[in-house]
Amino acid sequence: MQVDTKTPVHQAAQSESPGWQRLVRAGQDLLRYAPHISRELLAFRDLPREPELDLVMEDGEHVAAYAAAGRVENTTLASYLFHTAHCTETIAGARRVVDLGCGPAIQLLQIAALNPDAEFIGVDLSTEMLDVARQELSRAGLTNVSLRRADITDLSFLDDDSVDGVVSTMTLHHLPTADDLTRCFLEIRRVLTPPGAIYLTDFCRLRSNRSVHFFSHLNEHDLPAAVILDAERSMRAAFTRRDYARRMRLLSTSVRLRSTFLVPLLMIMHTPRRVLSGDVRRRLAAMRSELSPRICGALDDLRSFFRMGGLHSNPFSWDN
Ligand SMILES: C[S@@+](CC[C@H](N)C(=O)[O-])C[C@H]1O[C@@H](n2cnc3c(N)ncnc32)[C@H](O)[C@@H]1O
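Being a predicted model, the structure only gives us computed values, none of them experimental.

(A) Representation of the environment of Ala78 within the structure. Here Ala78 is to be found in helix α4 (residues 75-91). Between the alpha carbons of Ala78 and Ala298 there is a distance of 6.1 Å; along the sequence they are 220 residues apart. Not counting the four nearest positions on each side in its chain, Ala78 is found in contact with Leu291, Ile295, Ala298, Leu299 and Leu302.

Printed below as a string of structure tokens:
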């Protein structure tokens, strides 16, 4: 994306906004979300889980809409860059990393470009998705990524202790049952050489239909209707934060579970962060500065909600 970096508004977005400004923004968001937050905090029961209709994303139109949303300027870019940065902080120094449910590989390619010394294997069960991923890969011209059709609950193509990093973004909710989530975690533990790096992120299931509707439609001005519908279905199919907390120890004792503050709409399970080189930090800061102020704001909102939820690191800062 080409952005005029000389405009004052863009220059303002390039630098880190002061902490108090971010706090004010987070406070304003909290006020806006207050009815939904209180409804979620007061609800006794989780919504029943509604597994995805398109468990493995094979529908051509659905695949095309999902991939297209990651290529144009919208809030999806903020989410990609957020996970690229935090995932890179988790896997830094890993040599062989597997991405479970890589989909169109837009997220994977951003991570792989920033970690050229690591070899990445993108796994997906959908041939449609893998076709799109192959096109993206050839466009990007990266040589450290390969793709593989496989089920993330059965990674038998990988030997025990054969990778030192496992990542997965927005995929676990596609698993049909909680037993499949357990199977997937046991496979992660089997293929990962200890101590290994783990970065898994996805939605968590909310407790009320109105909250699901509100949060899935938050960016409806910005995203195609098909992507909004996909987000709503994903939230209904998501596992609960408790489902993840109960299975955390299957992965490793060093895994931490973070979620967005007050309402666990999104979660990240990760092993301890590692030291990033100055070069990687500079590149991340540059990628952030290339976002338009609006998308940069969306990125900072995500950072604030995870920071208040306990994810304190700032991979976009040069001086950590
Ligand atoms: C919502 S997409 C996420 C793609 C990508 N990780 C991202 O962040 O954009 C979920 C992907 O998981 C894949 N998937 C679903 N169930 C799977 C399974 N059991 N094994 C492998 N891939 C699966 C789907 O085909 C789809 O490509």
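(B) Structural detail: the sheet that holds strand β3 (residues 145-149). Ordered in space as β3-β2-β1-β4-β5-β7-β6, the seven strands form an open sheet in which the pairing is mixed. Each edge of the open sheet is held by one strand with a lone partner, namely β3 and β6 (256-259). Averaged over all adjacent pairs, the angle separating strand axes in this sheet is 15°, with direction ignored. The sheet contact formed by strand β1 (residues 96-100) and strand β4 (residues 163-169) spans three bridges and is parallel. The residue bridging Val97 from the neighbouring strand is Gly165, located in β4. Those strands touched by helix α6 (residues 127-140) are β2 (119-124) and β3, and its axis lies near 170° from that of β3.

(C) Layout of the pairing of β1. Within β1, four of the five residues are buried, which leaves the element mostly enclosed by the surrounding structure. Pairing of β1 with β2 involves five bridges; the strand directions are parallel. By the bridge assignment for β2, Val98 is matched with Ile121. Between the parallel elements β1 and β2, the chain passes through helix α5 (residues 106-114) in a crossover that is right-handed.

(D) A look at α4. In this model, α4 (17 residues) spans 24 Å end to end at C-alpha, consistent with the 24 Å of a helix rising 1.5 Å per residue. α4 sits mainly inside the fold: 16 of its 17 residues count as buried. Two residues or fewer after α4 comes Gly93, characterised by a positive phi angle close to 90°.

(E) The site of the ligand, seen in detail. Gly101, Gly103, Ser126, Thr169 and His174 are the nearest of the 19 residues found near the ligand. In terms of residue class, the shell around the ligand is made up of nine nonpolar, eight polar and two charged.

(F) Looking closely at the packing of helix α3 (residues 60-69) against α6. Running from N to C, α3 and α6 point in directions that differ by 35°, and their axes come no closer than 9 Å. By crossing handedness, the relation of α3 to α6 is classed as right-handed. Touching Gly60, Val63 and Ala67 of α3 are Glu128, Met129 and Val132, all from α6. By residue class, the composition of the contact of α3 with α6 is four nonpolar, one polar and one charged.

(G) Geometry of the confidence of the model for the protein chain. Chain-level pLDDT for the protein chain is 90 on average; 93% of the residues reach the 70-or-more range. pLDDT under 50 marks residues 1-14. Its contacts with residues more than four places away, or in other chains, come to 14 contacts.

(H) Broad picture of the pairing of β6. Both β6 and strand β7 (residues 266-270) contribute to a ladder of four bridges, which runs antiparallel. If you follow Arg256 over to β7, its bridge partner there is His270. As consecutive antiparallel partners, β6 and β7 are separated by six residues, and within that stretch Leu262 has a phi angle of approximately 65°, a positive value.

(I) Seen up close, the nonpolar core. Ala78, Ile91, Ile198 and Leu299 are the most contacted members of the largest nonpolar core, which totals 86 residues. With near-sequence residues (within four places) excluded, Leu299 lies in contact with Ala78, Leu81, Phe82, Arg288 and Leu291.

Criteria and cut-off values
Residues numbered from 1 in each chain as written. Predicted model: local features only at pLDDT ≥ 70, side-chain atom pairs only at ≥ 80, totals over all residues. Helix = DSSP H or I, 4+ residues; strand = E, 2+ residues; numbered from the N terminus. Contact = placed C-beta atoms within 7 Å. Pairing = 2+ DSSP bridges. Axes fitted to C-alpha atoms, helices over the stretch in contact; angles between N-to-C directions. Buried ≥ 20, exposed ≤ 12 C-beta atoms within 10 Å, placed from the backbone. Right-handed = clockwise from strand over helix to strand, strands pointing away. Expected span 1.5 Å × (residues − 1). Near = placed C-beta within 6 Å. Nonpolar A, V, L, I, M, F, W, Y, C, P; charged D, E, K, R; others polar. Left-handed = near helix turned anticlockwise from the far one by under 90°. pLDDT = per-residue confidence, 0-100. Core = buried A, V, L, I, M, F, W, Y, C linked by C-beta atoms within 7 Å.

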